Amino acid sequence: MPYQREFESRLNVAIVGVGSHAYRNILPAMTFLPVSLRAVCDIDSERVHSTASQYGVTACYTNAEEMYRNEDLDAVFLCVSPQLHPQLTCQAFDAGLHVWLEKPPAMRATEVEEMISHRKDRVAVVGFKKAFMPAADKVIEMLSTEGYGPLRNMLAVYSMAVPEDGEKVLREREYTGWLANGCHPLSLMMRVGGAVSAVTVHRGQRGGGVCVLEFANGAMGNFHMASGGSGKQPLDAQPLERYSFFGDGCSITVDNNHKVTVQRGIPF
């Protein structure tokens, strides 16, 4: 794994939002990226100055648009709530910056479309970590190999619930487990399966359910939400995550994101 100090060329970047998630996950990752952290922004003035001091950054802001105007930046990392992603992303694109943002990119699809309209030739990356994990690369590699592909079906098992009142979620823009966590398995399924042509969701009486994805290439996907009871967030005490992909004469299973098992079948 390379270190920041080993890169001859680096991007000048800023980070917007230095709360607990950014402090635990995003800022430490800077050590391994070809970047130079030039500015930090957060609505909490005390927190932004304390964080900037720790990382040797002198440029501190409580307003992202002001930071975009004043600093010579190539890209920005957005680590804020999804409600703020569309506005901050569009502002960054309008300032000519590349953008990395946490998942989900927005609360509604129309907001994503608005962000795309501002993007022009800038690069945007969303933190769909399961779509980028090495296990996903291996599955795609296997299914593109003669004798294993093409993909026919897939099954994703993930511990989460389906919201009881979907209309209320949309109307009041609630940040539910579907956006907070469900986007991860869905992003992996779309990375492997490609574009989706139809979606059907069924909710069980106890909170679990299934989401059936029909892919444009003819493959089918079953996102099994293995949670019941009160419909709370994932069962932290019982981690359960499995993805199965079925091709021609083979099946590939990914357990808990890192263990990949291939069943090749036995020729008669």
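Sequence positions are assigned chain by chain, starting from 1 and proceeding in written order. Since the coordinates come from a predicted model, pLDDT governs what is reported: local features require at least 70, and pairs of side-chain atoms require 80 or more to be given and counted, while whole-chain, interface and lining totals use all residues. Values shown for side chains rest on all heavy atoms present in the structure; no hydrogens or waters enter the calculation.

Chemist: Tell me what's going on with the packing of aromatic side chains, and back it up with residues and numbers.
Modeler: Two rings from Phe, Tyr or Trp (for Trp, the six-membered ring) form a pair when their centres are within 6.5 Å of each other. A pair whose planes differ by under 30 degrees is stacked, one over 60 is edge-to-face, and the rest are tilted. Summed over the entire model, instances satisfying the criterion amount to two aromatic pairs. Pairing Y3 with F32 gives two aromatic rings, centres 5.7 Å apart and planes at 35°, and the pair type is tilted. Note that Y3 is positioned in the segment before β1 (11–16) and F32 in the loop between α1 (20–29) and β2 (35–41), a separation of 29 residues in sequence. Given a relative accessible area of 36%, Y3 falls into the partly exposed group. Ring centres of F77 and W100 lie 5.8 Å apart, and the angle between their planes is 40°; this geometry places the pair in the tilted category. One end of the pair, F77, is in strand β4 (residues 75–78); the other, W100, is in strand β5 (residues 98–101), and 23 residues separate them in sequence. Geometrically, a charge over a ring is one whose NZ (Lys) or CZ (Arg) sits within 6 Å of the ring centre while staying within 35 degrees of the ring normal. A cation over an aromatic ring shows up here: R5 above the ring of Y3, its NZ or CZ 5.4 Å from the ring centre. Only DSSP runs of H or I with at least four residues qualify as helices, and only runs of E with at least two residues qualify as strands; both kinds are numbered from the N terminus onward. With a 1.4 Å probe rolled over the protein chains alone, any residue whose accessible area is under 20% of its type maximum counts as buried; one over 50% counts as exposed, and the rest are partly exposed.

Chemist: Describe in detail unusual backbone geometry, supporting the description with residues and values.
Modeler: A negative phi angle is the norm for most residues apart from glycine, just as the trans form is the norm for most peptide bonds. Here the bond from K103 into P104 is cis, since omega is -15°, no more than 30 degrees from zero. In this structure, P104 sits in the loop between β5 and α5 (109–119). With an omega of 5°, the peptide bond between G149 and P150 qualifies as cis. Relative to the helices and strands, P150 resides in the loop between α7 (134–143) and β7 (153–158). Although it is not a glycine, R173 sits at a positive phi angle of roughly 55°. Along the chain, R173 falls in the loop between α8 (166–172) and α9 (177–193). Relative accessible area serves as the criterion here: at 32%, R173 is assigned to the partly exposed category.

Chemist: Describe in detail the confidence of the model for the protein chain, supporting the description with residues and values.
Modeler: Along the chain, pLDDT gives the predictor's confidence residue by residue, from 0 to 100. Per-residue confidence for the protein chain gives a mean pLDDT of 90; residues scoring 70 or more make up 96%. Put simply, α8 is where the protein chain has its lowest mean pLDDT, 81, and β4 is where it has its highest, 98.

Chemist: I'd like a description of the state of the cysteines, backed by residues and values.
Modeler: Any cysteine sulfur atom paired with another within 2.5 Å is treated as part of a disulfide. Counting across every chain of the model gives zero disulfides. Of the cysteine sulfurs around C79, a residue in no disulfide, the closest is that of C41, at 12 Å. C211 takes part in no disulfide bond, and the closest cysteine sulfur to it belongs to C183, at a distance of 13 Å.

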